[in-house]
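Listed here are the chains, written in short residue letters.
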Amino acid sequence: MISTGTIFESLKEIITRAVPDLFVTAEPVADSAESYAHIQFRPIRKDLGFGQIVRNLRVDIQIVLSPALAEVPRADLYDISDKLDAAFCGYVPVADRFITIYETDSRIFDGILTYSFILSFSDFIDKFDKFELENFDLMQELYLKEK
């Protein structure tokens, strides 16, 4: 089973390589003087039976450049969007897999770049461990908040 924490670490590595100046976090940032990227996951899980599940994970990456500035040049945000497109190359390497990204979406609003995509993959979970099946996503969310 691929954990959300493992996916977060893979995304963090890719973003840090593409845009080294960004601080990457899973927690919302209230006040920051430096540029940052906030990764948010919205999980959707579908049980196929026999322990196999399909996990769709919507990933939103919000990038805020120099929050202290009143207005961020849009060209800088477009450049970062292009760098992320090149860095992801249509897939995300996670653990021993490569998860395909079929479509990305980027939008700029109020000087914040939101770069989004959906990771869809099959996973296997032991049906006998009912607690893990029912609470897996909740525990992953708590893990990310603890970091």
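The paragraphs below set out a description of the structure included in this document. No experiment lies behind these values; they were computed from the predicted model shown.

1. Focus: the pattern of salt bridges
Okay, step 1: Counted by the stated rule, this structure contains three salt bridges.
Okay, step 2: Residues Arg 17 and Glu 13 are paired through a salt bridge, measuring 3.3 Å at the closest nitrogen-oxygen approach. Of this pair, Arg 17 and Glu 13 are both found in helix 1 (residues 4-18), four residues apart, which corresponds to roughly one turn of the helix.
Okay, step 3: Overall, the relative accessible area of 58% leaves Arg 17 in the exposed class.
Okay, step 4: The class for Glu 13 is partly exposed, based on a relative accessible area of 48%.
Okay, step 5: Between Arg 42 and Asp 60 there is a salt bridge, with its nearest N and O atoms 2.3 Å apart. Here Arg 42 is found in strand 2 (residues 36-49), whereas its partner Asp 60 is found in strand 3 (residues 52-64), with 18 residues between them in sequence.
Okay, step 6: Overall, Asp 60 belongs to the buried group, its relative accessible area being 6%.

2. Overview of the packing of helix 1 against helix 2 (residues 74-88)
Okay, step 1: Following both chains from N to C, one finds helix 1 and helix 2 inclined at 125°, their axes separated by 9 Å at the closest point. Judged by the inter-axis angle, helix 1 sits oblique to helix 2. Considering only the axes of helix 1 and helix 2, their crossing is right-handed. On helix 2, the residues touching Leu 11, Ile 14, Ile 15 and Ala 18 of helix 1 are Lys 83, Leu 84, Ala 87 and Phe 88.
Okay, step 2: In the contact of helix 1 with helix 2, the residues fall into seven nonpolar, no polar and one charged.

Parameters and conventions
Residues numbered from 1 in each chain as written. Predicted model: local features only at pLDDT ≥ 70, side-chain atom pairs only at ≥ 80, totals over all residues. Heavy atoms only, no water. Salt bridge = Lys/Arg side-chain N within 4 Å of Asp/Glu carboxyl O. Helix = DSSP H or I, 4+ residues; strand = E, 2+ residues; numbered from the N terminus. Buried < 20%, exposed > 50% of the residue type's maximum accessible area, 1.4 Å probe, protein only. Axes fitted to C-alpha atoms, helices over the stretch in contact; angles between N-to-C directions. Parallel < 35°, antiparallel > 145°, perpendicular 65-115°, else oblique. Left-handed = near helix turned anticlockwise from the far one by under 90°. Contact = heavy atoms within 4.5 Å. Nonpolar A, V, L, I, M, F, W, Y, C, P; charged D, E, K, R; others polar.

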